[in-house]
Every structure is written in structure tokens, then in C-alpha cells.
Amino acid sequence: MIKDVSIGRYYRGDSILHRLDPRIKVILFTVYMVAVFMLTKPVGMLLSFIVVTALALLSKIPLREIIKSIRPIVFLMIFIFVINVLTIREGQTIAKFWIIEITDGGILRAVLMTLRLFLLIVSTSILLTLTTTPLKMADALESLFGPLKKIRVPVHEMAMMMSIALRFIPTLVEETDKIMKAQASRGAEYDTGNVLVRARGYVSILVPLFVSSFKRAEDLAVAMDARCYRGGEGRTKLHPLEMKPSDLVWFFILLALAFLPLLTEWIFAPK
Amino acid sequence: MSQDIDNPIKIPDTNEAVRGADIRFSYTRQDATPVQALTGVSLMIPKGGYVVLIGRNGSGKSTLAKLINVLEVPDEGTLAVLGLDTMSEENFWYIRSHCGMVFQNPDNQIVGTSVEEDVAFGPENLGIPTPEIRRRVDDALEYVGLPGLADRMPSSLSGGQKQKLAIAGVLAMMPQVLILDESTAMLDPISRNEFLDLVERLRLEKGITVIHITHDMSEAYRAGHVFVLEKGRIVMEGSPSDVFIRHEQMTKLGLDVPVFAGVVLELCRQLGISPRKEYLESRDAALDSVRSIFGSLTAGQTSLVKSEKPAEPKIEADLRDIVLQVKNLSYSYEERSPMTLMDISFSVKRGEVYSVIGHSGSGKTTLISHLNGLIRPQKGEVELLDPKSGTVWNTRKNADVKEMRRRIGLLFQYPEYQLFEETVRKDILFGPLKMGMDKEAAEKSLMDAIRLVGLDESYLDRSPFELSGGQKRRVAFAGVIAMDPEILVLDEPAAGLDPVGRRDVFRYIRELKNLGKTIILVSHNMDEAARISDRLLVLSEGRAICEASPDELFSSREKVMDIGLDLPESVKFLWELAPDFPGLDLSVYDVEQVAAELIRAAGGLSAVQDKHLAGETDAKGSRRGGRDD
């Protein structure tokens, strides 16, 4: 019924972006995201598009993997494009019928909005989800938010929770499938009947799922205890995050690339 | 035993891994009276030893394991692990980091998102430097036989691999004591043996003390020493033969003896001789003891007796009796992935117990999911037939599936997870009402069902979640039986239960069969399947490689060897004796029957008793002679 749900869509590979310290990737992504939102000019967008293309080439991820990541938002992109075209009235009118008026300014804005969304999604995929394992993401966030430990934010615990959640998603998916089959064998219905019948069908899945998850949590807590877990203090790592000099070099190169499109905002600014 | 708190811990030089004296422990729950888990346990386990703890569910075995690993501390009494008192605060870290535990459910003890991350979890907690962790992780994976899987997601491993991963995780912490808390309960026989061989290797090569909790009595023979627990105390201990020779007491405790020991004990009972401890020292000793009991008999005398066993009624493909038919069923989960099921055809007749046998991964669960339309066939057909009216339902038709689900009750492995209602009554009624039974009929069906599984009415208004594991299993069972299906499909119905629980399950199955139900049993336990089934279907890597009655299957040695089948323990035992007992019928599966068959093949009870008494004096004489050397 429900199978192959994969968390994150890490694409195994060996590229500069794969090897780059995940903390750098998180920072770069943040910078890039802000930059894309600040762009208003077509030239900047175009430059930004080129930068993303360069990143894609750098990541050595096949085009079809990147396209896969856009697929879920194609509808949203079309929707945004159409709404913008129909509602924004700037510049010359190109076509007009009934109450609809299409302008060249509107089309330009629509293209920019859509492109912005497109760039955001693609850059997230390339910089984060496709080239970084979820575990490294958790490590990066733990490290970046590390200073918050001083004000007693349980950063380590949150990262541990995130990583355990990632570990258990496939297990829970399997479990849900198993419970659904068992209850369907007893006559439960999820996709036929009225709302009440269906809701009842879902109760018969959710209750066992919760009960077993609590049991799992209890077991896991004991198992972690037995393996001497006592929080983040004094803990070492198999894969510690290490900033290499080359990481820093790449950081500045990519940072520059992220800012490059922004420059056009001032260069082409109306004087 | 108390230590000065200010001193850093000194590691005592001792040969004892565990020493406990009068340990008492109770669990306190906020809303209930404390539950006495241990009521005075004293024990000693030597370093490098292998001990087994057996006992019914709730006898305190797991609690004892937790106390040894300082996950809990005793309320009263003393417990020292590796010579260190578990009660003093400063010792607990040392003890815990030197005792590893592997638990029952493989899924609930894996922390890491990848195999190597999980192995590293323990050493990371101990604060071991990165290069050293790397080395330990690689060594541990290599040792348990999982190299090359370091980057895999743990959820993609098989059950046996997951338990090996758990061992690797413990191994990377360089333990001195390894505690297995029913770690083999969820594994199939092949993975179980691999796992236990690995544990034995750890003990021999690394000198790790093994404390093994199990329900499987034959596993006890891997240990040098067995502790039997009952109601929080140790009621018996000694070598496996010390314990199993007292089989009457074991039975009273709700425990069992391994099949080969059972055969020898039963043989002695039927012959009216008292069993000796050395008969039970090992499986080979048991075989030898059978040979020596019948010692002076010659082959010539035995071959005169003809088998009295009635010939098995021939199974004919009478179409009028067929209730379920699977035709050329093939299935694969993904388009290009290997086939999970390949061209499987079989038919099940009314009133029979039809067993599907295979190791995990052979496609059993996928196959049974087809039977009531949970999975629709990609190729082939699944049909339910009503022999009386001649109606045929097919899982390809949506309209038929509902009717098929009503007529075919399906119970998956560990069915207790499917309980969800507030009361046992409501939960059992869920299925029958969903299937359109009227209230009155459903009530009646409910009462019949709980009677069958041995629960009384007082359970009906309790919450299913406050019941014990075994009771939950009964409720889940009752929930399907109450639907009054014609065919019951049971996937490993006895998995994870203690011996009494297992016996109970097979008792219900017999009763259901007597009520005229057709049973399709899925199992990897050959002994039980052989005992109860009319016919067996052997599944291997998605193919049906053999279909036969147990007698047909196990009477031909070549056939079984050909398909590489795991044999019932009783059959294996008889096979080894076959050269000494010409005319032996190999297709008996109950210890009583096996013993009776041996006597029959040896010329009947009186003949054997006479010969045995005559041979007794010789045997004694020669044995004494041997000991003096």
C-alpha cells in the first residue's frame, strides 16, 4: 500500500558539493535564498540562473534527478505564473478581452516570480537535500546552533531527536502498512464508505501505531542507556565535522557567486 | 562489598563475572501496587562462561539482565558485576560500558541512520577518539560478517542482519559480558543458528561471558549452565542435563525440554526404566543412549515386525472439496526488482491444515497477502470456491474481495499490534460487525471465540492494552475467529510465545480444524508444522519447490536433501537412528510417537524390556570398567 517513502532524497555521489562541510552548505543556502528574494531585475535573475546551473554541474547530479525535485511544484509554478499574468497590470497592454488584460510588465513579473521559485527549489535540492545526508544536516544544525547551548537550548538533544526520527521513518512506514493490512483483513475501510466509516478506519490504524511507537520509544531508551548514552557531553563522533582549508576556499568562491547577481541590482539601478 | 566513595575505582581481580546474593527487586508504577519481579535471587556466573536463563514470561529473567547491566539497581541484596558492586554510584559506568546487551526486537535497538553510525553509537558515547572508533567499527562489522554494508540504511537489513548489527554495536564497546535478552526470538532457524554461532565464537575467541535469555529449550544446550527462573527466583540450576532430567518439574513450570531429550525421556517412561543424566548430556549422548537401551537387539529380529501405522489416505484432487485455488501467481514489488513470487499454484481442500513453509524472505507474507485480496495479483488468479453452490470469487474483482475477506480470516505475525479498541469485547466484535454480522450473532460468536482461546468473560470489559503479551495474542486470535471465517490464514501464530503459549496456540488450531475450518498455516518451525499439517507447501525464494504430506516429504531422505529443507528435530533424530533400526517409520513427529515407533521397530515393548534387562548388567559392567582407566 504505502511503500518506498524515502526521506530526503540524498543522491550518492562524489563531488565538491558532496564533500563540502555541511555547515558551509547551510550558510550558503541561507545567503543564496536571501539573495534570490532581493533580486528584482531580469539580468540578476539570469545571472542567478547561471550560478545555479554552475552549481548543478559542480554537483555532478544527473539532470533527471534535479527535474524530479521540481516535479512536485510544477503546478504551483504554473499557478503563480497565471495569477501574476492576470493580476499585474504594468506597461503596455498586449491583449485584452472581456475583463482580462494582459500586459508586458505583468508577463515579466510573472516570469520573474516563477523563476524565483524555481531557483529556490533547485538550489535547495543541489545544496542541501541531494548532496547532504540527513544525518550530516542534523550534525550541521547541531554545530551551527551550538552557541545556543549556553542559554540552555537543548541543541544536542534536538539533533539527536531529528536523527532518531530519520532512522525510524522507514520502520514506521512499514509498520503502518502492516497495520493497515491487518485491519483491512478484519473489514476496516479507509477508502470507501462515508466520512464516519473512514474516520473509524483510521482510528484502527492510528491507535495501534501510537501504542507501538510508545513501546518502541521505551525499548529504544533502554537500548540507548545500555549503550552508555548520556547526552552530548563528552561524546565523540565517527564522522566529526571538520572544516578543511579547501572548504573555506570554496566557501568564499560560492559566497561570491551568490552575491554576484545582487550586484546587478545596483549596476543597473536607475540613476 | 561497599567501596570508599572517594577512591577511584579499582578493578578487582576476580574470576566471577556476576555474583548476586538474595537480590530483590520490584517495579513501582505510579498508579498501581509494586510488581515483585525478583524475590530473592542468588547466582554466580564465572568469567568466560556461557549461561542460559529460562523461565516463563514474567519470571524475572529480563529484570535480572537489566540489573546486571545496571539499568536498574536491586532493592535488597547485593549484586556484583566483574567484581564491582552495582549499588555504588562510581562503579556503574565501568560496569555498563563493559556489559553489552542485545534485545529481542531488532528494530527497537538500532539508533543510527546507517549501519556504521549505529555501530559507532556506543564508542561515541564512551568518548573514544575518532580514528579509534573508525577502527573498531570496521573490525566489528568484519567480525560479525557485515562488511560492505557500512553505508546501508538499517531498515533495509533482514532480521538476522539487524541482530548481527546489534552485536557489532556491542562488540565495538569491547565488552566483557554479553547479555542476550531473547535476542533470537524473532529470527528464523537459519539466522538463529548463525547468530548463536557468532556468539559462541565471541566467547571462545574473546573470552566474553555470555548470559543468554531464551524460550527455546534446545538453545540451552549451548550453555554450560542453566538457570531456571520462576516467579522471581531461581528454582533450578545446573548443566542442561541436570535441568532437563527433571522434566516433570519443567513441565509443571510451564517449560519444555528439547525434542531429543524429550524422546529419550519418553522412551524411558514407556519402557519403564529410569532415565540417567548422561543420556541427556548432548544430542549425541541421547542418540547413543537410545542405541544402548536397545543395545543387544539385532537387526534380524526387528525386521519381522511390520508397520502398524495405517497408510495415509491418498489425497486426491477432488474438485468438489477445493475451497481455495491459487493459479500461476507471480508478483514483484517493483517493475525491475526480482520477483517476490514466481508462478505459484496450489489448491487447499476443505477442512485440512495446509502449511506454507519457508525461510524469511521466501515470499510467504506476500503470498498470504494475496489470499484475501490485500495484494491483487499481477499475474495469475486467486479464487475462493464454495463447493456447495459452485460460486467462485476472484480477488481481481473488487466486488468479490469483501466477501472473500469475510470468508477468509487472516492473522499476520505478532497480531497483538492490531488491537485498538477500549475493551476486549469491542475489539473482538470489530471484525464480525464490520463483516455485517448482526449484533446477536456477533455476541454469540464472541463468546465462542473467547472460550476457544481460553479467556473467560471477566476479560471482556478490560482494556486490551493492560493485558500481558500472551493474553493480547489470544484476544487478537479471538478477533479473527469471531468473524467465523471458513478459512483461517495464520502467519507464524506462535512466534515469540513461551512453551505453554505455543502449545496453546496449536491446541486452538486443532480445535478449529475439528470445527471444520480450513487452516492455512505459515511457519518456519518444521516440528510444529509437521505435527499439525495435512499437506505442506515449501516456498523458497518465491518459488513453490515442493508440495507433499509430511509423511511423503520426510520419508524420503533424497527428496528432502534435494530441496535443502530444514527437518523437524524428531525426524532428524530418527534418521540418525535409522541404520540401527531397520524398518523404522521416519514420519512421526511427536515425542510419544517417536518413542513408540522406536520400540515397535525394535520388536515391541515386551521384547525390548526383556532384552534391555538382560543387556543392563553387561552395560553397567563395561561402563564401570571404562571409568577405572
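On a predicted model such as this, the values are computed, not experimentally measured, just so you know. (Residues numbered from 1 in each chain as written. Chains lettered and ligands numbered in written order. Predicted model: local features only at pLDDT ≥ 70, side-chain atom pairs only at ≥ 80, totals over all residues.)

Student: What is the right way to look at the overall build of chain B in this model?
Tutor: A tally of helices and strands in chain B yields 23 helices and 20 strands. Every one of the 629 residues in chain B was classed for burial, and the buried ones make up 48%. Contacts spanning at least 24 positions in sequence make up 68% of the contacts within chain B whose residues lie at least 6 apart. (Helix = DSSP H or I, 4+ residues; strand = E, 2+ residues; numbered from the N terminus. Buried ≥ 20, exposed ≤ 12 C-beta atoms within 10 Å, placed from the backbone. Contact = placed C-beta atoms within 7 Å.)

Student: Quick question: what am I supposed to make of the sheet that holds strand β10 (residues 233–238) of chain B here?
Tutor: Sheets are built from strands that pair by backbone hydrogen bonding, the pairs being arranged parallel or antiparallel. Residues and elements named next belong to chain B. Strand order in this open sheet of six strands is β6-β7-β8-β3-β9-β10, and the pairing throughout is mixed. What marks the edges here is a single partner per strand, and that holds for β6 (99–102) and β10. On average, each strand axis in the sheet is tilted by 20 degrees relative to the strand beside it, whichever way the strands run. Of the pairings in the sheet, the one linking strand β3 (residues 50–55) to strand β8 (residues 209–213) comprises four bridges and is parallel in character. Note that in β8 the partner of Val52 across the bridge is His212. Against the sheet, helix α1 (residues 61–68) makes contact with β3, β6, β7 (177–181), β8 and β9 (225–230), and its axis sits at roughly 150 degrees relative to β8, the strand it touches most. Relative to the sheet, helix α5 (residues 159–171) contacts β6 and β7, its axis offset from that of β6 by approximately 170 degrees. (Pairing = 2+ DSSP bridges. Axes fitted to C-alpha atoms, helices over the stretch in contact; angles between N-to-C directions.)

Student: What is the right way to look at the domain arrangement of chain B in this model?
Tutor: Accessible area lost on assembly of the parts is the figure often given for the size of an interface. All names here are of chain B. On domain assignment, one finds that chain B holds domain 1 (16–252), domain 2 (259–303 + 569–624) and domain 3 (319–548). Using C-alpha coordinates to define each centre, domain 1 is positioned 37 Å away from domain 2. The interface is formed by six residues belonging to domain 1 together with seven residues belonging to domain 2. Ranked by residues supplied to the side of domain 1 that touches domain 2, first place goes to helix α7 (residues 240–244) with three residues. A breakdown of the residues in the side of domain 1 that touches domain 2 according to their chemical character gives three nonpolar, two polar and one charged. (Domains from an automatic or database assignment. Nonpolar A, V, L, I, M, F, W, Y, C, P; charged D, E, K, R; others polar.)

Student: When you look at the nonpolar core in this model, what are you seeing that I'm missing?
Tutor: The tendency in soluble globular proteins is for nonpolar side chains to be buried side by side. Core analysis: the largest hydrophobic core is formed by 194 residues, its most contacted members being Val81(B), Ala168(B), Val264(B), Ala478(B) and Val489(B). In this view, Val81(B) contacts Ala17(B), Val18(B), Ile68(B), Thr86(B), Ile95(B) and Cys99(B); residues no more than four positions away in its chain are not counted. (Core = buried A, V, L, I, M, F, W, Y, C linked by C-beta atoms within 7 Å.)

Student: Help me out: how do you make sense of unusual backbone geometry in this one?
Tutor: As a rule of thumb, non-glycine residues mostly have phi less than zero, and peptide bonds are mostly trans rather than cis. Residues and elements named next belong to chain B. For Asp22, which is not glycine, the phi dihedral falls at a positive 50 degrees. Its identity as a non-glycine residue notwithstanding, Asp343 has a phi of 50 degrees, on the positive side. When the 14 C-beta atoms within 10 Å are taken as the criterion, Asp343 is described as partly exposed.

Student: Is there a simple way to explain the interface of chain A and chain B in this structure?
Tutor: Listed per partner, the contact involves 43 residues of chain A and 51 residues of chain B. Among the secondary structure elements, those contributing two or more residues to the side of chain A that touches chain B are α7 (134–144), α8 (155–185) and α9 (195–226) of chain A. In the side of chain A that touches chain B, the residues fall into 22 nonpolar, nine polar and 12 charged.

Student: Which parts of the structure should I look at to understand the environment of Arg116(A)?
Tutor: Take Arg116(A): it is sitting in helix α6 (residues 104–129). Arg116(A) gets classed as partly exposed once you count the C-beta atoms within 10 Å, which come to 17.

Student: Looking at this model, I keep getting lost on helix α22 (residues 591–601) of chain B. Mind explaining?
Tutor: The α-helix winds at 3.6 residues per turn, so residues separated by three or four positions along the chain end up facing the same way. All names here are of chain B. With respect to burial, α22 is a largely interior element, eight of its 11 residues being buried. Looking only at α22, the buried set comprises Val591, Val594, Ala595, Glu597, Leu598, Ile599, Arg600 and Ala601. Phi for Gly603, located one or two positions after α22, is positive at around 115 degrees.

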